[in-house]
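# A closer look at the structure
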Amino acid sequence: MEIIHFSAECYPVAKVGGLGDVVGALPKYQNKLGHVAKVVIPAYQTKFFQQHEFEVVYDGWVKLDFTNYQVRIFRELTNKLGFDLYLVHIAGLLDREKVYGYHDDVSRFLAFQIAALDWMAQWEHLPDVVHCHDHHTGLIPFMMGNCFNYTKLNQVPTVLTIHNAQYQGQFGWDKLYYLPPYDLWNSSKLDWGGAINPLAAAIKCAWRVTTVSPSYLDEISHVANGLENLLAQERGKSAGILNGIDNEVWNPQKDPMLFKNFNSRTVESGKKANKEELCRVFNLDPNKPLFTFIGRLVDEKGADLLPEICYQALAQSQGEINILMLGSGDPGVEDRLNEITQHHPGHYNAYIGYNESLSHQIYAGADFLLMPSRVEPCGLNQMYALRYGTIPIVRRIGGLKDTVIDIGDGGFGICHDQTSIWDVVHAIGRAYALYLNQKKMKEIRKFIMALDHSWDSAAQQYIDLYQLK
Ligand code: ADP
Ligand code: GLC
């Protein structure tokens, strides 16, 4: 089958979070299964774009309102990512450093989707499936099915994967005329709550909808930032497919970013060496358990509670634990996380910012990883932690619930029910008690490193879904 993935992110070209990881891995594993999966993303001003060679496969224009923008689509020449990568360059809109966060994001992603479809509508053949990821590509199913320019594409099945239903990309009806022409009787397919809502439009118009874990599919019929009823209504065409991880990128035995490589046989000495180096760099004590958090500092991740959790856990443990934070996001949380270093030097530190290598080093060197998420559609961090022998401490929600079993239930992680300071501090206490039982810790480390969360099975589940057509 030929599958075309449309996304705003794709590792290692452009990554902000887990969406990038998924779109950088799933197509590669689909190709390994004998299919032809290709990826189309915007051409941001990233290092990858500047440092690789491309051929031009399309030249054109896209008109938004009264402005014409020049479009050029590039194909990466080496195929070294394991799939064909196409970058959509739109001068003045997409050629910027960051992926998101600009005042004109609505225009940027709308232009991206229109340009990509203009190009696809010129192909001599049709792909078997168009697979869209999140709201940035959510208007594609509507446009393929309804816009006069794309009638050629209207029989191609479209799949929407919801990585996060919190973000929907809504904009006002005053921008209706940015879209290519279609029969206005179909406008209700775009509407949710009086605005054009790309995620809702995709849920309505896509042939199939998936979420990135089975539990998240159950949860979003009850909590989905206003889309609950729609999701409940479209449940019949929806499926929850748990994400995998890219075992080639996330392999402690070969990972070039680690201080020392290790496998499940050498896990004790390997993790010790990585921990010692981390502790040296961040002024922590390698003889104490190391708790960490890696992620976007937003309320969804429970980040607003992290400063107080750290203060309480550090006070209660009376100097017996270390905490290291890696993240960026809410400036208030960033400041508060930085401040703790002055109060607990030698036991606490924080790196505020985005640092891919440091994240790998922390997964390798830490003992425990905290994920007190309020919402977690899948979560990849806990799976990376498991593969690197680090025990996850997670709230039972979404994908965390689907991947981590509590030690009290014969499992290998620590689970708690609420995103509350008390629950997380209590979970840290349970983890500390576990840490004191080094025999058990060793058993768990070996066990979790052997768990298989690779993309092999999930990539096949998507193929099975496409083949329902
Ligand atoms: P989300 O996509 O909601 O942020 P995921 O758990 O799916 O959450 O994926 C997060 C990804 O982003 C992981 O690869 C994680 O290691 C990475 N990540 C998040 N914050 C940082 C950071 N500050 N530095 C490096 N990597 C980060
Ligand atoms: C989103 C979700 C996260 C998920 C990721 C990849 O960013 O917040 O839980 O793991 O997408 O699907």
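One structure accompanies this document, and this report is about it.

Thresholds applied
Residues numbered from 1 in each chain as written. Chains lettered and ligands numbered in written order. Predicted model: local features only at pLDDT ≥ 70, side-chain atom pairs only at ≥ 80, totals over all residues. Heavy atoms only, no water. Near = heavy atom within 4 Å. Polar contact = N/O pair within 3.5 Å; in protein donor to acceptor, adjacent residues only side chain to side chain. Helix = DSSP H or I, 4+ residues; strand = E, 2+ residues; numbered from the N terminus. Nonpolar A, V, L, I, M, F, W, Y, C, P; charged D, E, K, R; others polar. Domains from an automatic or database assignment. Pairing = 2+ DSSP bridges. Axes fitted to C-alpha atoms, helices over the stretch in contact; angles between N-to-C directions. Core = buried A, V, L, I, M, F, W, Y, C linked by side-chain atoms within 4.5 Å. Buried < 20%, exposed > 50% of the residue type's maximum accessible area, 1.4 Å probe, protein only. Contact = heavy atoms within 4.5 Å. Parallel < 35°, antiparallel > 145°, perpendicular 65-115°, else oblique. Phe/Tyr/Trp six-rings, centres within 6.5 Å; stacked < 30°, edge-to-face > 60°. Lys, Arg positive; Asp, Glu negative; His and termini not counted. Salt bridge = Lys/Arg side-chain N within 4 Å of Asp/Glu carboxyl O.

In the vicinity of ligand 1 lie 20 residues, with Lys 15, Gly 18, Asp 21, Arg 296 and Lys 301 positioned nearest. Gly 18 is positioned with one of its backbone polar atoms (N or O) 2.6 Å from an oxygen atom of ligand 1. With respect to ligand 1, the backbone of Gly 353 contributes an N or O atom lying 2.8 Å from a nitrogen atom. Sorting the residues of the shell around ligand 1 by element identifies α1 (18-32), β12 (290-297), β13 (322-329), α11 (356-365) and α12 (381-387) as the ones contributing at least two each. When grouped by side-chain class, the residues that make up the shell around ligand 1 number six nonpolar, nine polar and five charged. Split by domain, the shell around ligand 1 shows at least three residues from each of two domains, domain 1 (2-245 + 456-466) and domain 2 (267-449).

Pairing is parallel across the open sheet formed by six strands, whose spatial order is β14-β13-β12-β15-β16-β17. The sheet is open, and its two borders are formed by β14 (348-352) and β17 (414-416), each paired with just one other strand. Put simply, the sheet's adjacent strands are angled 15° from each other on average, direction ignored. As paired elements, strand β15 (residues 368-371) and strand β16 (residues 391-395) share four bridges and run parallel to each other. Residue Leu 370 lies in a different strand from β16, and its bridge partner there is Ile 393.

Attention now moves to the nonpolar core. With 85 residues, the main nonpolar core has Met 325, Tyr 348 and Phe 368 as its most contacted residues. The residue makeup of this core includes at least three contributed by each of domain 1 (2-245 + 456-466) and domain 2 (267-449). Setting aside its immediate chain neighbours within four residues, Phe 368 contacts Pro 289, Leu 290, Phe 291, Thr 292, Thr 390, Ile 391, Ile 393, Ala 431, Leu 434, Tyr 435 and Met 441. Counting residues in hydrophobic clusters, the runner-up holds 65 residues, among them Leu 87, Leu 110, Ala 115 and Val 156.

Ordered by their spatial adjacency, nine strands build an open sheet running β3-β4-β5-β2-β1-β6-β7-β10-β11, and the pairing between neighbours is mixed. Single-partner strands in this sheet number two, and they are β3 (54-64) and β11 (238-240). Going from strand to strand, the sheet's axes swing by 20° on average, the running direction of each strand aside. Bridge analysis of β3 against strand β4 (residues 67-76) gives 10 bridges, and the strand direction is antiparallel. By the bridge assignment, Leu 64 is partnered in β4 with Thr 67. Running over the sheet, helix α4 (residues 139-146) touches β1 (2-6), β6 (129-133) and β7 (158-162) and is turned about 145° from β6.

Remark: α1 packs on helix α16 (residues 455-466), axes separated minimally by 9 Å, with the N-to-C direction vectors making an angle of 75°. Between α1 and α16, the angle falls in the class roughly perpendicular. Contacts between α1 and α16 pair Val 22, Ala 25, Leu 26, Tyr 29 and Gln 30 from the former with Trp 455, Asp 456, Ala 459, Tyr 462, Ile 463 and Tyr 466 from the latter. Here the contact of α1 with α16 is built from residues that sort into nine nonpolar, one polar and one charged.

Here we come to the packing of aromatic side chains. With the rule as written, the count across this model stands at 13 aromatic pairs. Aromatic pair Phe 49 and Phe 74: ring centres 5.5 Å apart, planes at 65°, arrangement edge-to-face. Highlighted residues: Phe 49 in helix α2 (residues 47-51) and Phe 74 in strand β4, separated in sequence by 25 residues. Each of the two residues, Phe 49 as well as Phe 74, counts as buried. Both rings, one in Trp 250 and one in Tyr 388, keep their centres 6.1 Å apart while their planes meet at 75°; by these two values the pair is edge-to-face.

Structurally, the position occupied by Glu 228 is in helix α7 (residues 228-233). Here Glu 228 is buried and forms no salt bridge, its nearest opposite-charge partner Arg 235 lying at an N-O distance of 13 Å.

Nothing here speaks to function; it is geometry throughout.
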